[in-house]
Structures are given as structure tokens and as C-alpha cells.
Amino acid sequence: MSTKSIPTADIQLYINTKKKLLDNFLEDLLNNPNLFKEPQELWDAIRYSLLNGGKRLRGVLCLTTLESLTNKNNDSFDTDDLLTAASLEIIHAMSLIHDDLPSMDDDDLRRGKPSCHKAFSESTAILAGDAMLTLPFYLISKQCTKLSDTQKLSIIQTLSFTTSFALVPGQIMDLAIKEKNIELNKLEKIYANKTAELIKASILCGAYLSPNNIPQAKETINYLSNYGSKIGLAFQIIDDILDETSDTKTLGKTSGKDKLQNKPTYPMLLGIDNSRKIANELINDASSDLNKVNLKSQNLQFLAQFILNRIN
Ligand code: GRG
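Attention here is on the structure that accompanies the text.

So, how was this worked out
Residues numbered from 1 in each chain as written. Predicted model: local features only at pLDDT ≥ 70, side-chain atom pairs only at ≥ 80, totals over all residues. Heavy atoms only, no water. Helix = DSSP H or I, 4+ residues; strand = E, 2+ residues; numbered from the N terminus. Rg over C-alpha atoms; globule rule 2.2 N^0.38 Å. Buried < 20%, exposed > 50% of the residue type's maximum accessible area, 1.4 Å probe, protein only. Contact = heavy atoms within 4.5 Å. Areas by Shrake-Rupley, 256 points an atom, 1.4 Å probe, with all protein chains shown as cover. Lys, Arg positive; Asp, Glu negative; His and termini not counted. Charge placed at Lys NZ, Arg CZ, Asp CG, Glu CD. Near = heavy atom within 4 Å. Polar contact = N/O pair within 3.5 Å; in protein donor to acceptor, adjacent residues only side chain to side chain. Core = buried A, V, L, I, M, F, W, Y, C linked by side-chain atoms within 4.5 Å. Expected span 1.5 Å × (residues − 1). Bend = angle between axes of the 7 residues up to and from the residue. Axes fitted to C-alpha atoms, helices over the stretch in contact; angles between N-to-C directions. Parallel < 35°, antiparallel > 145°, perpendicular 65-115°, else oblique. Nonpolar A, V, L, I, M, F, W, Y, C, P; charged D, E, K, R; others polar. Phe/Tyr/Trp six-rings, centres within 6.5 Å; stacked < 30°, edge-to-face > 60°. Lys NZ or Arg CZ within 6 Å of the ring centre and 35° of its normal.

Section: the overall build of the protein chain
- The number of helices and strands found in the protein chain is 14 helices and two strands.
- The C-alpha atoms of the protein chain give 19 Å as radius of gyration, which agrees with the globular expectation for 312 residues (20 Å, within 12%).
- Overall size of the protein chain, expressed as C-alpha extent along the three principal axes, is 50 × 50 × 35 Å.
- Sorting the 312 residues of the protein chain into buried and exposed places 52% on the buried side.
- Taking contacts inside the protein chain between residues at least 6 apart in sequence as the whole, the part at least 24 apart equals 76%.
- Carbon and sulfur atoms make up 51% of the accessible area of the protein chain, which amounts to about 14300 Å² in all.
- For the protein chain, the centre of its 35 positive side-chain charges and the centre of its 38 negative side-chain charges are spaced 2 Å apart.

As C-alpha cells, then:
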């Protein structure tokens, strides 16, 4: 299937509709008094960090993958689907809380508001992140009632593998960079781990939510996996470009920080034009991977385009 393009406003509307679904679901989840008890400070910090905007790209990718492999849509996603998509957003938000800490990327601003450790205390931010890291495993194992044990295990394995073997190592490698002239392949490895793997995991979790009898399941998973790694790397390259070219208000986090911290990035190593070219190639490659999968819509293609054209 060749990819038609779609007006940016249409894909933004598509994303916003799913974002609203996820925002409402997360809000209801966090307002459940049976689940969230004392101390108030902990749950206030979690609510503050989770219900504060964000593009919800990981949750949207999960639901879009499910939609692309099945006949489900916004009206027919069930609680298990939304708990899984929400879990990806919970882990993502947790990683942002910890990333903003003074001992990590040290940023006072996130999603246009003071970072969690600024709005609360550093210890509360660390502990809120800790609770958010394991919450998804409780939600999926206990509250997903329709998924088979195999599906739950695949999702839990994907999430735990991604955090232990990609996000955390990626962050450690990122913090350890000392030389400004790091080789590109080393930077690519860091980005693949700290950013692309969770994006890939979002797509895989969406695939695991669909019934187990997808034709040629293994091949489908492989192509979706390749698509995820490529759009994930492109996402981080665009993030680097936006850090240089956009402003703090649009980004909702401090712009120009990489330069300030003397951190090597794609634009620093290759220039903005070449970095954009690489991101463009990655999106084209990802699109070719998707063309090998029998999908019911082109929405994953459109999300890849969105990643390239995003402004925040
Ligand atoms: C244990 C999961 C875990 C993590 C600990 C702190 C850490 C290790 C990893 C941080 C990795 C990190 C922050 C990577 C950057 C990824 C990135 C570009 C985030 C911004 O994503 P957006 O733009 O954010 O989708 P919004 O706010 O829109 O959700």
C-alpha cells in the first residue's frame, strides 16, 4: 500500500481524540479512592506529573497499533486496552520525573510547569517515580480481566525489559558522556536505549493486546518492532533539533539546554539540515517496514509523519 499524506490538522485531531480518551482514563484511575490512599503528598505528586498534559504519544501509538491490527476503535477499546496504554504513559511520566532531578538532566520545567521535584520535594519526586514504575505491573496483572495470561505476560515482559535493559542503561550512558566529539554510532546507541525502546514497546504492547491469532504473527511483530525503533530514533533526533530551534514556551521545558550543558546531540555533530535528513530517512524506512504488514489503516504511517513534523 503506498502512503498517502494527510493534512497535519487531521493527524493532530486524530491524536487529540485518543489523547483525550487517555487523559480521561488516567484521571478516573487516579481518582479511584480504593486504589490510591495515603499519604496525600505521594498521590498529589503522581497526579501532578501524570495529569499535566504531554502528547500521550506512547499511549496513542499503543492504541493505534491495536486499531491497525483489529477492528477496534475509540468506541470499542476496553479497560484492558486503556490500562495498557495508560501504563506506557505512567512509565514515561516516571522517567521524566527522574530525568528532571538535579542528579540527572536537572530541569526545573516540565510540560510547561515546575518539575515534580520543584513543585514537591526531591525525595517525593524520587518516591513518586518509584511508585509509578511498579504501578503498571499491578494494574496489568490485577486489573486487566479480559487478556489471557500469555498476553499479560508479554506486556509485562516488554515493559520490564524496556525499563531495565534500555531506559536505565540509556540514561546511565547519556549521563556518562564526557566528550563532545562522541562518535555518532555511540550517540545512536544511547538514543535507541533511552528513547526509542519505549516507543517500540508501545507498539509491541498494542500488538500484544490484539488476539493471538494475527496471521504471520512473528513476522508482523518483527516489522512493527523495526518500525518502532526507527520512529523512536527519529523522535529523539527531532527532539534534539527542537531543543536548538524552538523556545521554552512551545516546548514546555527549557530550550537550548543541550548546548548549555555541552551535551553532544545529532545537530551538534552533523548540523540541523543533516540531522533532519537522517530523521527523514528513518521515517521513510519505518514506512517501508509498515508496508510489509497487513494493516487495517494508515494511521501508524501518519503518526510516523507526525513525529517528523512535530513542533513540541
Ligand atoms: C526506570 C523507566 C525508568 C527510567 C529511569 C530517567 C531515566 C531512567 C530515563 C530517562 C529517559 C528520557 C527522559 C529520555 C528522553 C525521552 C524524551 C525525548 C522524552 C520527551 O517525550 P515527549 O516529548 O514528552 O513525548 P511529553 O511531555 O509530550 O509526554
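Having seen the model, we can carry on.
Focus on the site of the ligand
- Near the ligand there are 22 residues, and of these Lys55, Arg58, His92, Arg111 and Gln171 occur at the shortest range.
- Lys55 places a polar side-chain atom, nitrogen or oxygen, 2.6 Å from an oxygen atom of the ligand.
- In this structure, an oxygen atom belonging to the ligand sits 2.7 Å away from a side-chain N or O atom of Arg111.
- Protein burial of the ligand: of its 760 Å² of free accessible surface, 93% is covered by the chains.

Some details on the side chain of Arg110
- Looking at the secondary structure, you find Arg110 in strand β1 (residues 109–110).
- The class for Arg110 is buried, based on a relative accessible area of 14%.

Digging into the nonpolar core
- In terms of nonpolar packing, the biggest core is built from 85 residues, with Leu61, Tyr227, Ile231 and Leu303 touching the most fellow members.
- At 11 residues, the largest contribution of residues to this core is made by helix α9 (residues 217–245).
- Contacts of Leu303, omitting those with residues within four sequence positions, involve Ile11, Tyr14, Ile15, Val60, Leu61, Thr64 and Tyr227.

Notes on unusual backbone geometry
- Residue Pro39 is bonded to the preceding Glu38 through a cis peptide linkage, with omega at -5°.
- Residue position: Pro39 is located in the loop between α1 (8–30) and α2 (40–50).
- With a phi angle near 50°, Arg111 is a residue other than glycine that sits in the positive phi range.
- Along the chain, Arg111 turns up in the loop between β1 and β2 (113–114).
- A residue is classified by how much of its surface remains accessible, and Arg111, at 18% relative accessible area, is buried.
- Of note in the backbone geometry, Asn262 takes a positive phi value of approximately 60° without being a glycine.
- Along the chain, the position of Asn262 falls in the loop between α11 (257–260) and α12 (266–270).

Thoughts on helix α6 (residues 122–143)
- Between its first and last C-alpha, α6 extends 31 Å over 22 residues, near the 32 Å set by a 1.5 Å rise per residue.
- Of all the bends in α6, the greatest reaches close to 30° and is centred on Thr134; the proline Pro136 follows between one and four positions later.
- Among the residues making up α6, those that are buried are Thr124, Ala125, Ala128, Gly129, Met132, Leu135, Pro136, Leu139 and Ile140.
- Check the buried side of α6 and you find it contacts α1, α2, α4 (79–100), α5 (116–119) and α7 (149–176).

Points about the packing of α4 against helix α8 (residues 184–209)
- Packing of α4 against α8 leaves a shortest axis separation of 10 Å and a crossing angle of 170°. With respect to α8, the axis of α4 lies roughly antiparallel. In this structure, α4 uses Asp80, Asp81, Thr84, Leu88, Ile91 and His92 to contact α8, whose residues at the interface are Leu198, Ala201, Ser202, Cys205 and Leu209.
- Within the contact of α4 with α8, the residues separate by chemical class into six nonpolar, three polar and two charged.

Thoughts on the packing of aromatic side chains
- As enumerated under the stated definition, the model contains four aromatic pairs in all.
- Pairing Phe36 with Trp43 gives two aromatic rings, centres 4.3 Å apart and planes at 50°, and the pair type is tilted. As far as the burial class goes, Phe36 and Trp43 line up, both buried.
- Their ring planes at 75° and their centres at 5.4 Å tell us that Tyr48 and Phe120 sit as a pair that is edge-to-face. Note that Tyr48 is positioned in helix α2 and Phe120 in the loop between α5 and α6, a separation of 72 residues in sequence.
- Assessed through its relative accessible area of 18%, Tyr48 is described here as buried.
- The residue whose ring lies beneath Arg58 is Phe235, and the NZ or CZ to ring-centre distance is 5.3 Å.
- Here the guanidinium or amino end of Arg310 rests over the ring plane of Phe235, the centre of that ring lying 3.7 Å away.

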